[in-house]
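# Structural features, examined
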Amino acid sequence: MGTDGFSIAEARFLAPDVKLFRIVAPRIARKQQPGQFVIVRIHEHGERIPLTVAESNPTDGTITLIVQGIGKTTKLLNRFDAGDIIPDVVGPLGRPSDIRLFGTVVVIGGGVGTAIAYPTAKALRGAGNHVITVLGARTKDLLVLENEARAISDEVFVTTDDGSYGEKGLVTDKLKALIAGERKIDLVLAIGPIPMMRAVAETTRPHGIKTLVSLNPIMVDGTGMCGGCRVQVAGRSQFACVDGPEFDAHEVDFDGLAKRNAMYREAERQALERFVSDPKPDLDLIRHRCKLEDVTPR
Amino acid sequence: MANPLTPKDRTKIPRQKMPEQEPEHRRQNFAEVNLGLNFHLATQEAMRCLECAHPKCVDGCPVGVKVKDFIALVLAGDYLAAAAKIREDDILPAITGRVCPQEDQCEGTCIMNKKFGAVGIGYLERFVADYERETGQIGLPPIAPPTGKKVAIVGSGPAGLSAAGDLIQKGHQVTVFEALHEIGGVLIYGIPEFRLPKEIVRQEVENMKRMGVEFQTNIVVGKTVTVDELLGEEGYHAVLVATGAGLPQFLGVPGENLCGVYSANEFLTRVNLMKAYKFPEYDEPIYDCRGRNVAVVGGGNTAMDAIRSALRLGAKNAYVIYRRSEAEMPARAEEVKHAREEGIQFLLLNNPVEFLGNDKGWLRAARCIKMELGLADESGRRRPVPIRGSEYELPLDVVIIAVGTSSNPLVQSTTPDLKTRKGGYIEADPETLKTSKVGVFGAGDIVTGAATVILAMGAGRKAAAAIDEYLRTGVW
Ligand SMILES: Cc1cc2nc3c(=O)[nH]c(=O)nc-3n(C[C@H](O)[C@H](O)[C@H](O)COP(=O)(O)OP(=O)(O)OC[C@H]3O[C@@H](n4cnc5c(N)ncnc54)[C@H](O)[C@@H]3O)c2cc1C
Ligand code: SF4
Ligand code: FES
């Protein structure tokens, strides 16, 4: 543990660029509750990135992470395979989701946000709620965890922007229809890209439906030590890593969050470009812990 | 060799100057500023010691390092013995020699201080510790036979490390749990390379590993495991909480969430722990300071470390904004001197009242107000009062807030029977460092509030002695 790193028990792609990892981390698996995350560093020169835990199994001591390869670190992580070692995984961090009987809950997952919403949705169902899941993706190929969502929901709807699967449209179109329908909705949980979460907040606000979102600001330590993850909620500064990551959607300053998340855009672009054009230095850093052979960028 | 000089002649030797990198050069790199005394300078400096019958320097040192004795050993040329002498009271001499506020401690009380300039005790301490390390002759102390008792230490800053070092010698099994991926606390994530090379901290940690201390990184006590679990199913007989005062304080003025506004903790963690100054060779980014205007708010060591780091990252203008005057600045005198030499601009008696942004959410300026000193407050320092109508705008791209830290509640909030006092700091007996919870001790900044390396180290050692006694006698 700790100094020896964390070995990957299982790794497989769920969609292009979206990979599932089951990682041996017994201490975290024992403590993990829905809504919590870990911070991961993948080699000696690596940055620390937060990843939500999609599932944990205290019996076999593993946690499941679902990683979308967007930036350099996540793209590099997605080259790891079963048997490889991740040097640093710390958690579980953040406050767990508030799990109790609300009544009818609409869970909205946008893109890999589905992976973050999944454990909370499952727990909400377990607490006796009627769970309606709405999964949104740009296109059919990018949809993840549909079967898992079906297994833990009373109703499932899928929307795609291009209509390649499910209903053509946005998750908020579906949400509007649900709000207009028969059933009274007691809680909405929305997790996905910032514009989606903001749109959901604006959809439910006029109806006064309690709405929660899980925020993804840039983090360093994840323990309240740096303040880099601060967001404005109800006019007050909150540290998402310890006070969140879930907050009342109607009180979050999404605009401020989006701006702060863009803070390192230039550096991120540069790092990715450098990695894609020459991945060797990074692959060398992970080689001794990984069976990596192939050095062509994917 | 005994000192051949008369006391009078000793006072005639000027305090030796620490060789250092030239300001123009060092402001462009992260290598250590002070280069260390050579043998000749060290001997000259040691000759200045008057060998007082009642050395005041020892009283001035929070842990009572036997200054006179170790300086005599330097003069005798027995540097290893000198280092061993210091280690009797201070197990991290290479670190304290570099970062102690000597002017307020040993050198402040040195009898030579007023008229001739204090003996360079910190310089000499560093000299012998570096000699010991560079010759690879650190004498590891003997370890007592195993007692079968297990101690968990939470936090790997100077308090935790020093306690671990003492407890392992007593034959206990010691595990240090650290939330971050590297061991050392503020010594690793806070104090920059140019003041305390990380290699020195790593070497100390290596020594402890060789003595048998186990380190577990990536464990956040309160999250990954609780204190009650450590004492229960994990089978530890005692727990020392040494989690520091790591929570950043902000000013609470408008605009503090703009891009470009950092806490000193974040800025320094990115630079030191994550090596952002080597981006893109290292992945963690930091705002590109090259050619920009950067300011730090505050006047302590943290403020100096942050702004001098920004300067090394290429800042065009680097300011310290401090609401009192230079006399009240809590930073070590040497850091302020070095900062000035490097071209840091001091805006004393100034205070930001608002940060102004552009339409993309980026900082563009600070609105500052000038201050004057009024009557003394409860801390005895003259209280700064704003001068009405003196507000002005200072164009800035980055501002770093270094106005103090407070306690991190993760351990306290998950350990219900652990008593805290105002500010969430842990209540502990000043002598035994016992907390309100049986088997749990507290040491360092998490008990005292943000203080110094040597005080944290001293507290860690006191706690170790009390823990050892508790484990041997079973009496709480
Ligand atoms: C930038 C800066 C410069 C400084 N310069 C000087 C100087 O020149 N001279 C001087 O004497 N002092 C200086 N200080 C102060 C000095 O560093 C501190 O007083 C000292 O480090 C306190 O030691 P500590 O062991 O109590 O805590 P820390 O050094 O803060 O270590 C605490 C450790 O505990 C870990 N931790 C916290 N919570 C948990 C948890 N729940 N589970 C597991 N681990 C946890 C933290 O990650 C950290 O590693 C400086 C401080 C800073 C920030
Ligand atoms: S530990 Fe610090 S205060 Fe004590 S003698 Fe050494 S430098 Fe001086
Ligand atoms: S990530 Fe550093 S305080 Fe939240």
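Just so it is clear, the model here is predicted, and its values are computed rather than measured. (Residues numbered from 1 in each chain as written. Chains lettered and ligands numbered in written order. Predicted model: local features only at pLDDT ≥ 70, side-chain atom pairs only at ≥ 80, totals over all residues. Heavy atoms only, no water.)

What follows is about the packing of aromatic side chains. Residue and element names in this part refer to chain B. Taken as a whole and judged by the stated rule, the model has 14 aromatic pairs over all chains. The interplanar angle of 40° and the centroid separation of 5.6 Å between the aromatic rings of Phe39 and Tyr79 together place this pair among those described as tilted. Of the two residues, Phe39 sits in helix H3 (residues 39–47) while Tyr79 sits in helix H6 (residues 79–87), which places them 40 residues apart along the sequence. With relative accessibility at 10%, the residue Tyr79 sits in the buried group. Summarising the aromatic geometry, the rings of Tyr470 and Trp476 are spaced 5.1 Å apart at their centres and angled 80° between planes, so their arrangement reads as edge-to-face. (Phe/Tyr/Trp six-rings, centres within 6.5 Å; stacked < 30°, edge-to-face > 60°. Helix = DSSP H or I, 4+ residues; strand = E, 2+ residues; numbered from the N terminus. Buried < 20%, exposed > 50% of the residue type's maximum accessible area, 1.4 Å probe, protein only.)

Take the side chain of Asn351 of chain B next. All names here are of chain B. In this structure, Asn351 sits in strand E10 (residues 350–357). Relative accessible area serves as the criterion here: at 19%, Asn351 is assigned to the buried category. Not counting residues up to four positions away in its chain, the partners in contact with Asn351 are Ile321, Arg323, Arg367, Cys368, Ile369 and Met371. (Contact = heavy atoms within 4.5 Å.)

Facing the 49 residues of chain A at the interface are 50 residues of chain B. Summed over both partners, the interface of chain A with chain B buries about 4000 Å², with 53% contributed by carbon and sulfur atoms. Of all residues in chain A, Arg27, His45 and Met225 of chain A give up the largest surface area on contact with chain B, accounting jointly for 18% of the area buried on that side. Measuring nitrogen to oxygen at the nearest pair gives 2.6 Å for the salt bridge that ties Glu229 of chain B to Lys31 of chain A. Summed over the shared surface of chain A and chain B, the number is 25 residue pairs in polar contact (both at pLDDT 80 or more). Going through the elements one at a time, helix H1 (26–31), helix H2 (72–77), strand E7 (88–93), strand E14 (230–233), strand E15 (236–239), helix H8 (254–261) and helix H9 (265–277) of chain A are the ones with two or more residues in the side of chain A that touches chain B. The leading source of residues in the side of chain A that touches chain B is E7 of chain A, at 6 residues. Broken down by class, the residue content of the side of chain A that touches chain B amounts to 17 nonpolar, 16 polar and 16 charged. (Buried area = accessible area lost by both parts, 1.4 Å probe. Salt bridge = Lys/Arg side-chain N within 4 Å of Asp/Glu carboxyl O. Polar contact = N/O pair within 3.5 Å; in protein donor to acceptor, adjacent residues only side chain to side chain. Nonpolar A, V, L, I, M, F, W, Y, C, P; charged D, E, K, R; others polar.)

With that out of the way, let us pick up the pattern of salt bridges. In this structure the tally under the stated criterion is 63 salt bridges over all chains. Close ionic contact of Asp255 of chain A with Lys259 of chain A constitutes a salt bridge, the shortest N to O distance being 3.2 Å. Of the two residues, Asp255 of chain A and Lys259 of chain A are both situated in helix H8; the distance of 4 residues between them amounts to about one turn of the helix. Arg340 of chain B is the partner of Glu326 of chain B in a salt bridge, and the nearest nitrogen-oxygen pair spans 2.3 Å. With Glu326 of chain B in the loop between strand E8 (317–322) and helix H17 (333–341) and Arg340 of chain B in helix H17, this residue pair connects regions lying 14 residues apart in the sequence.

This part takes up the packing of helix H5 (residues 67–75) of chain B against helix H10 (residues 121–134) of chain B. Think of two packed helices as two axes; the pair is described by the angle between the axes and how far apart they sit. All names here are of chain B. Packing of H5 against H10 brings their axes to within 11 Å, and their N-to-C directions diverge by 55°. Between H5 and H10, the crossing angle belongs to the class labelled oblique. In this structure, H5 meets H10 at a crossing whose hand is left-handed. In this structure, H5 contributes Val67, Phe70, Ile71 and Val74 to the contact, and H10 contributes Ile121, Leu124, Glu125 and Val128. Here the residues of the contact of H5 with H10 sort into 7 nonpolar, no polar and 1 charged. (Axes fitted to C-alpha atoms, helices over the stretch in contact; angles between N-to-C directions. Parallel < 35°, antiparallel > 145°, perpendicular 65-115°, else oblique. Left-handed = near helix turned anticlockwise from the far one by under 90°.)

Looking at chain B, the pLDDT average stands at 94 and 100% of residues meet or exceed 70. Both confidence scores are given for the complex: pTM 0.93, ipTM 0.90. (pLDDT = per-residue confidence, 0-100.)

Looking now at the sheet that holds strand E2 (residues 173–177) of chain B. Residues and elements named next belong to chain B. Pairing is parallel across the open sheet formed by 5 strands, whose spatial order is E3-E2-E1-E4-E16. Only two strands of the sheet have a single neighbouring strand rather than two, namely strand E3 (214–216) and strand E16 (440–442). The average angle at which neighbouring strand axes cross in this sheet is 20°, direction not considered. Relative to E2, strand E1 (residues 150–154) runs parallel, the two being bridged by 5 bridges. Following the sheet pairing, Lys150 is matched in E2 by Gln173. Packed on one face of the sheet, helix H11 (residues 158–169) meets E1, E2, E3 and strand E4 (238–241) and runs near 170° to E1. Packing of helix H20 (residues 453–473) onto the sheet brings it into contact with E1, E4 and E16, and relative to E4 it is tilted by some 165°. (Pairing = 2+ DSSP bridges.)

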